[in-house]
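Structural overview for review
The chain contents come next:
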Amino acid sequence: MTTDLTRATAAELADLLGAGSVSSREVTRALLDRTTAVDGVVRSYLHVDEDGALAAADDVDRRRAAGEGLHALAGVPIAVKDVMATRGLPTTCGSRILEGWVPPYDATVVRRLREAGMPILGKTNMDEFAMGSSTEHSAFGPSHNPWDLDRIPGGSGGGSSSVVASFQAPLAIGTDTGGSIRQPAAVTGTVGTKPTYGGVSRYGLVALASSLDQAGPCSRTVLDSALLHEVIAGHDPMDSTSVDAPVPAVVEAARRADVSGMRIGIVRELTGEGFQPGVQARFDEAVQHLVDAGAEVVEVSCPSFTYALAAYYLILPSEASSNLAKFDAMRYGMRVTPDGVDAPSAEQVMAATRDAGFGDEVKRRIILGTYALSSGYYDAYYGSAQKVRRLIANDFAAAFETADVLVTPTAPTTAFRLGDKLDDPMSMYLNDIATIPANLAGIPGLSLPSGLADEDGLPAGFQVLAPAMVDDRLYSVGAALEARLAAAWGGPLLDRAPDLTEVSR
Amino acid sequence: MSTTTGERTLSFDEALATFDPVMGLEVHVELGTNTKMFCGCPTEFGAEPNTQVCPVCLGLPGALPVVNAVAVESAIRIGLALNCSIAEWCRFARKNYFYPDMPKNFQTSQYDEPIAFDGHLDVELEDGSTFRVEIERAHMEEDTGKSLHVGGATGRIHGATHSLVDYNRAGIPLIEIVTKPIVATREKAPEVAKAYVATLRDLLKAMDVSDVKMEQGSMRCDVNLSLMPRDGDTFGTRTETKNVNSLRSVERAVRYEIGRHAAVLTDGGSITQETRHWHEDTGITTSGRIKSDAEDYRYFPEPDLVPVAPSRETVEALRATLPEPPAERRRRLQTAWGYSDLEMRDVLNAGLVGLVEETVAAGASPAAARKWWSGEIARRANTEGEDVPAYAARLGVTPAHVVELEGLVTSGRLNDSMARQAWEGVLDGEGTPTAVADARGLELVQDTGALEAAVDAVIAANPDVAAKIRDGKVQAVGALIGQVMREMKGQADAGAARAIILERLGQA
């Protein structure tokens, strides 16, 4: 074995493991050692489960030796965003209020990973309750971008993007409510997919906004995303919004990587002005690659997208204000008794705990949502936002009449500097402008690296969107583009990222 | 606590002379499903605290609800039985408020889109008239957990050192049935309220959707009441008396609030919109929390659940499962059985209608069915704290036993007292009535020679009594029959003995 196991893709590891050339323990050990070497500076993880991961690896190795038929990804380790419930392993959602909570149950996604025999390396950092675009709102400190440690790794899944980008894990689970898988993928030079809403079970995903949340894969290649997508997708009777239909043939589509004859729609409202020139340039080149591969380009217009951000920032806080009400110090997590109160009432304990346990961004959104749902304001805010949501879905439906897929830059800029937008929530919110419409409409989206922006040398992301339940089309387009770009670059983009072991020493 | 003395009240008649009552009744019914509204946890009453819970009903982070299809079916059936329209498409909503025994700090309920709406229920009053109560809606929701405040004197949170919460009840399916304002009842308001709850209870029990035990809280009534000036048309301010848990209390609470409201209003005061607590022991209500119309629960459609859209075929199939309404059934059976009102009421109160019906269907006379099921077995069942049907089922006593017992009497093998002995043997587990009669040697003596000899002996031994009878005092014959029975060791046919004595003494 000459390959550096930490740099192998999930597909390569699956082949090595399947052929018996390497054991899951060796792979898992290598990744854990990499974490020891670099996570001090990247800070991708909130909890590393060395014992659990190695035990799971040994179990798979034993079963493989016994000749058991195993899943294709059996033995390939994975990291999981700390928003997914993991039995026996802390789950904090990046919040003090859940510090120390160990769930007595597994999220369906986690259960499927375990059933596939994938060792869980640990839980990745995130913006508190998935609120943010930079992971700076984590109560346990920010994660860092492996390309430039002074920059953000995206959010809210900055832990999941940076853990993959820094070669601590070939795969990670993220969740995407307004872009939290795709935007971090874009700014770290990795691949991230938000499946169709309901395509992957939400059971055990600690809810931010129930009608928007969607778990999905983070990886370094399009094929790896597809392989993981297949493991975690499919109907779950525990989630009534889960789609009861066959999982699209995503792996097959990724391997086919064919765009010939496909109509690629460029969304007029999500290009040009407002996008960093270097990001826009990489986007335009990527489109040209697709044309060279046989695709046809059409321009589409989605006029209601103008209101997407406003609608999103009413619906999300409204649902979040209700979803976060359960954190009240009564059953689990943090409990704070108010100072100077002799016999505090239940309400006083709840108030003191929520005051101490929630960060500013969480409080901001709870207040916003509580206001938007208040009687007398419901129709003006939440009700109107739901109408906008329908208009956006209509825009997509019309656009997919003329285009098979839509493409946009994933985020308007490359990774900004840590602290730059912390005091300006509106400017932080704008970073999700291209990803949010897909969440409002429930359609799938994928982001893959389109290259490095000229002005700062940092990765830019290319987003592909497809109609609901046609997730396979994302992988065809993504894989075709990935192959052409890799050929143009002479190798994967991440090969150009700095070697963090030098920095951390 | 100020629970012993009430506020000033006017007498009921005084109050009704000036005001017309307006009522609104909200009845919560726990459905008798095997599992909870949104998860698979069992719903058994009285289990050890927190033994019937899971991540879903505990509201653990990440857990998601899934609607109990059986509960939805029950809700639709209840809606149909209340003559409601059934929604073609409806949703659950979140009712947001903080409460320590509510795991998610929102209750999953229905708000502007209930499963059933616009119905009515006809209730019979004691004077034989019928009053129609209009139903606003029946909607589905989940129950909360239960708090226990420990260390204080009153069992309330005030003064308690700590509180314990039992989440076994959290997530139990509830149906809330809300009436439209009930007007024009005048002095019959308390009776209408009680009759409505009673009729509803009987209906739900007949439908087998709930055990409707008010004392266990599986059926609870909130009484909204306001007064308006006699023959006015503008409703007054209402109060809501919570969790009234017996039929009698419903009636008393309405009566009390009418008197209390009237006193406040005639004194020139105004009614505060508030919830009130009902005190069973003193028969009064006391002030609870101030509740304005503007209380903000921030309802919005529950995003974790897909809409409920019952097909019309499903609704019609469920309609076909509805039982005959209890009031109609009662009238039909009373006529068929020829029971007096009193006999029918006894059978109803003892919960024997079903057993009597089965027994009559098996071939017994209505009189025998009523007699045997309401006698010794009812006494024993009561001692065991069970109802007769459950007790009989446990003992293995069936309608066929009653049919057989009656056959032994009509064929002349057993007299009444022997039949009672045979029935006791059946209840003691000694076998069928015939087997008991055989084993205990129960059999009327059919040999008239022996009976005549016994009669003659008794007449000879009691000349005074015999003389009285000869003189026409026929009622004295009982004493002689008793002695004949003793002589015959109880195996004589008392009717035959009476006939022979009267014949011998010239009174036949």
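Here we summarise the structure given alongside this text.

Thoughts on the overall build of chain B
Assigned secondary structure in chain B consists of 18 helices and 14 strands. The principal-axis extent of the C-alpha atoms belonging to chain B is close to 95 × 55 × 50 Å. Counting only residues that meet the buried cut, chain B has 47% of its 508 residues in that class. The long-range fraction of contacts in chain B, counting pairs at least 24 apart against all pairs at least 6 apart in sequence, stands at 69%. Counting only carbon and sulfur atoms, one obtains 50% of the accessible surface of chain B, whose full area is about 23300 Å². The distance from the centre of the 53 positive side-chain charges to the centre of the 75 negative ones in chain B is 2 Å.

Things to note about the overall build of chain A
Across its full length, chain A carries 17 helices and 11 strands. For chain A, the spread of C-alpha atoms along the three principal axes comes to 70 × 55 × 45 Å. Looking at the 505 residues of chain A, the share that counts as buried comes to 64%. Here the contacts in chain A between residues at least 6 apart in sequence split such that 76% fall between residues at least 24 apart. By element, 51% of the accessible surface of chain A is carried by carbon and sulfur atoms, the whole surface being about 16800 Å². Across chain A, the 41 positively charged side chains and the 63 negatively charged ones have centroids separated by 3 Å.

Some remarks on the sheet that holds strand 3 (residues 93-96) of chain B
Two modes of strand pairing occur in sheets, parallel and antiparallel, and in both the strands are linked by backbone hydrogen bonds. Strand order in the open sheet formed by three strands is 4-3-14 (chain B), with antiparallel pairing between adjacent strands. One side of each edge strand has no neighbouring strand; the edge strands of this open sheet are strand 4 (106-109) and strand 14 (300-301) of chain B. Examined bridge by bridge, strand 3 of chain B and strand 4 of chain B share four bridges and lie antiparallel to one another. Residue pairing for strand 4 of chain B: arginine 94 of chain B is matched across the bridge by threonine 108 of chain B. Against the sheet, helix 10 (residues 308-323) of chain A contacts strand 3, strand 4 and strand 14 of chain B, and its axis sits at roughly 60° relative to strand 3 of chain B.

Quick notes on the packing of helix 8 (residues 353-361) of chain B against helix 9 (residues 366-374) of chain B
All names here are of chain B. Orientation of helix 8 relative to helix 9, taken along the N-to-C sense of each, is 135°, at an axis distance of 9 Å. In terms of orientation, helix 8 lies oblique with respect to helix 9. Two packed elements cross with a definite hand, and for helix 8 against helix 9 that hand is right-handed. Between helix 8 and helix 9, the residues in contact are Leu355, Val356, Thr359 and Val360 and Pro366, Ala369, Arg370 and Trp373, respectively. Class assignment for the residues of the contact of helix 8 with helix 9 results in six nonpolar, one polar and one charged.

So, the packing of aromatic side chains
Residue and element names in this part refer to chain B. The full count for this structure, using the stated rule, is 22 aromatic pairs over all chains. Centre to centre, the rings of tyrosine 111 and tyrosine 299 are 3.7 Å apart; their planes meet at 5°, and the pair counts as stacked. Of this pair, tyrosine 111 sits in the loop between strand 4 and strand 5 (116-124) while tyrosine 299 sits in the loop between strand 13 (284-290) and strand 14; the two residues are 188 residues apart in sequence, bridging distant segments of the chain. Look at tyrosine 111 and you get partly exposed, because its relative accessible area is 41%. What makes tyrosine 299 buried here is its relative accessible area of 18%. With a centroid separation of 5.9 Å and 80° between ring planes, the pair formed by tryptophan 373 and tryptophan 423 is classed as edge-to-face. One end of the pair, tryptophan 373, is in helix 9; the other, tryptophan 423, is in helix 13 (residues 416-427), with 50 residues separating them in the sequence. Among the residues examined, tryptophan 423 registers a relative accessible area of 1% and is labelled buried.

A look at unusual backbone geometry
Between glycine 155 of chain A and serine 156 of chain A the backbone carries a cis peptide bond, its omega angle lying at 0°. Turning to its location among the elements, serine 156 of chain A is positioned in the loop between strand 3 (120-124) and helix 5 (158-165).

Structural notes on the pattern of salt bridges
According to the stated counting rule, one finds 66 salt bridges over all chains in the structure shown. The salt bridge involving aspartate 404 of chain A is made with arginine 263 of chain A; its shortest N-O contact spans 3.2 Å. Of this pair, aspartate 404 of chain A sits in the loop between helix 13 (379-402) and strand 9 (405-409) while arginine 263 of chain A is found in strand 7 (residues 263-267), placing the two residues 141 residues apart along the sequence. Residue classification places aspartate 404 of chain A among the buried positions, given a relative accessible area of 16%. A salt bridge links lysine 194 of chain B to glutamate 251 of chain B; its shortest N-O distance comes to 3.6 Å. Within this pair, whereas lysine 194 of chain B is found in helix 3 (residues 189-207), its partner glutamate 251 of chain B is found in helix 4 (residues 247-266), the two being separated by 57 residues in sequence. On the basis of relative accessibility, which here comes to 24%, the residue glutamate 251 of chain B falls in the partly exposed class. Residues joined by salt bridges that share partners form a network here, namely Arg202 and Asp239 of chain A together with Arg94, Glu302 and Asp304 of chain B.

Focus: the interface of chain A and chain B
Accessible area lost upon the coming together of the parts serves often as the stated size of an interface. At the junction of the two partners, chain A supplies 37 residues and chain B supplies 31 residues. Between chain A and chain B, roughly 2700 Å² of surface is buried when both sides are summed, and carbon and sulfur atoms account for 60% of that area. Together, Ser240, Lys326 and Arg331 of chain A form the three largest contributors to the area buried by chain A at its contact with chain B, with a combined 21%. With a closest N to O distance of 2.8 Å, arginine 202 of chain A and aspartate 304 of chain B form a salt bridge. Applying the counting criterion to the chain A and chain B interface returns 17 residue pairs in polar contact (both at pLDDT 80 or more). With four residues, the single largest contributor to the side of chain A that touches chain B is helix 10 of chain A.

Here's the deal with the nonpolar core
Core analysis: the biggest nonpolar cluster contains 210 residues, and Leu113, Phe129 and Phe462 of chain A together with Ile177 and Tyr196 of chain B have the highest contact counts within it. The element contributing the most residues to this core is helix 3 of chain B, with 11 residues. Excluding anything up to four places from it in sequence, isoleucine 177 of chain B contacts Leu25, Glu26, Val27, Val29, Ile78, Leu82, Ile135, Arg137, Ala138, Tyr196 and Leu200 of chain B. Of all hydrophobic cores here, the second largest spans 34 residues; its members include Val347, Ala368, Ala422 and Val436 of chain B.

Points about helix 9 of chain B
Residues and elements named next belong to chain B. Along helix 9, the residues classified as buried are Ala368, Ala369, Trp372 and Trp373. Projected down its long axis, helix 9 carries its buried residues within an arc of 110°, all on one side. Looking at the buried positions of helix 9, the neighbouring elements they touch are helix 8, helix 10 (376-383), helix 11 (388-395), helix 12 (399-410) and helix 13.

Overview of the pairing of strand 8 (residues 296-300) of chain A
As paired elements, strand 7 of chain A and strand 8 of chain A share five bridges and run parallel to each other. Looking at strand 8 of chain A, one finds that isoleucine 264 of chain A is bridged to valine 297 of chain A.

Brief notes about the sheet that holds strand 2 (residues 78-81) of chain A
Residue and element names in this part refer to chain A. Pairing within the open sheet is mixed, and its 11 strands lie in the order 1-3-2-4-6-5-10-11-9-7-8. Edge positions in the open sheet fall to strand 1 (45-48) and strand 8, since each of these has one partner strand only. The mean inter-strand angle of the sheet, taken between neighbouring strand axes irrespective of direction, is 25°. Of the pairings in the sheet, the one linking strand 4 (residues 171-175) to strand 6 (residues 215-219) comprises five bridges and is antiparallel in character. For isoleucine 173, the partnering residue across the bridge sits in strand 6 and is proline 217. Relative to the sheet, helix 4 (residues 108-115) contacts strand 2, strand 3, strand 4 and strand 6, its axis offset from that of strand 2 by approximately 170°.

Digging into the side chain of arginine 202 of chain A
Inspection of the secondary structure puts arginine 202 of chain A in the loop between strand 5 (191-194) and strand 6. Note on arginine 202 of chain A: relative accessible area 2%, which makes it buried. Within the structure, arginine 202 of chain A has its side chain in polar contact with the side chain of threonine 241 of chain A (distance 3.0 Å). Those residues in contact with arginine 202 of chain A that lie beyond four places of it in its chain are Tyr197, Ser210, Asp213, Asp239 and Thr241 of chain A together with Gly62, Leu64, Pro303 and Asp304 of chain B.

Structural notes on helix 14 (residues 433-440) of chain B
Residues and elements named next belong to chain B. Among all positions of helix 14, only Pro433, Val436 and Ala437 are buried. On an axial view of helix 14, the arc spanned by its buried residues comes to 100°, and they lie on one face. Those residues of helix 14 that are buried are in contact with helix 12 and helix 13. Positioned one or two residues after helix 14, glycine 441 has a phi angle of 65°, which is positive.

Points about the packing of helix 7 (residues 222-232) of chain A against helix 16 (residues 471-489) of chain A
All names here are of chain A. Between helix 7 and helix 16, whose axes approach to 9 Å, the crossing angle comes to 155°. The angle between the axes of helix 7 and helix 16 places the two elements in the roughly antiparallel class. Residues Val222, Leu223, Ser225, Ala226 and His229 of helix 7 pack against Asp471, Tyr475, Gly478, Ala479 and Glu482 of helix 16. Grouping the amino acids of the contact of helix 7 with helix 16 by side-chain chemistry returns five nonpolar, three polar and two charged.

Procedures and definitions
- Residues numbered from 1 in each chain as written.
- Chains lettered and ligands numbered in written order.
- Predicted model: local features only at pLDDT ≥ 70, side-chain atom pairs only at ≥ 80, totals over all residues.
- Heavy atoms only, no water.
- Helix = DSSP H or I, 4+ residues; strand = E, 2+ residues; numbered from the N terminus.
- Buried < 20%, exposed > 50% of the residue type's maximum accessible area, 1.4 Å probe, protein only.
- Contact = heavy atoms within 4.5 Å.
- Areas by Shrake-Rupley, 256 points an atom, 1.4 Å probe, with all protein chains shown as cover.
- Lys, Arg positive; Asp, Glu negative; His and termini not counted.
- Charge placed at Lys NZ, Arg CZ, Asp CG, Glu CD.
- Pairing = 2+ DSSP bridges.
- Axes fitted to C-alpha atoms, helices over the stretch in contact; angles between N-to-C directions.
- Parallel < 35°, antiparallel > 145°, perpendicular 65-115°, else oblique.
- Left-handed = near helix turned anticlockwise from the far one by under 90°.
- Nonpolar A, V, L, I, M, F, W, Y, C, P; charged D, E, K, R; others polar.
- Phe/Tyr/Trp six-rings, centres within 6.5 Å; stacked < 30°, edge-to-face > 60°.
- Salt bridge = Lys/Arg side-chain N within 4 Å of Asp/Glu carboxyl O.
- Buried area = accessible area lost by both parts, 1.4 Å probe.
- Polar contact = N/O pair within 3.5 Å; in protein donor to acceptor, adjacent residues only side chain to side chain.
- Core = buried A, V, L, I, M, F, W, Y, C linked by side-chain atoms within 4.5 Å.
- Arc of directions from axis to C-beta.

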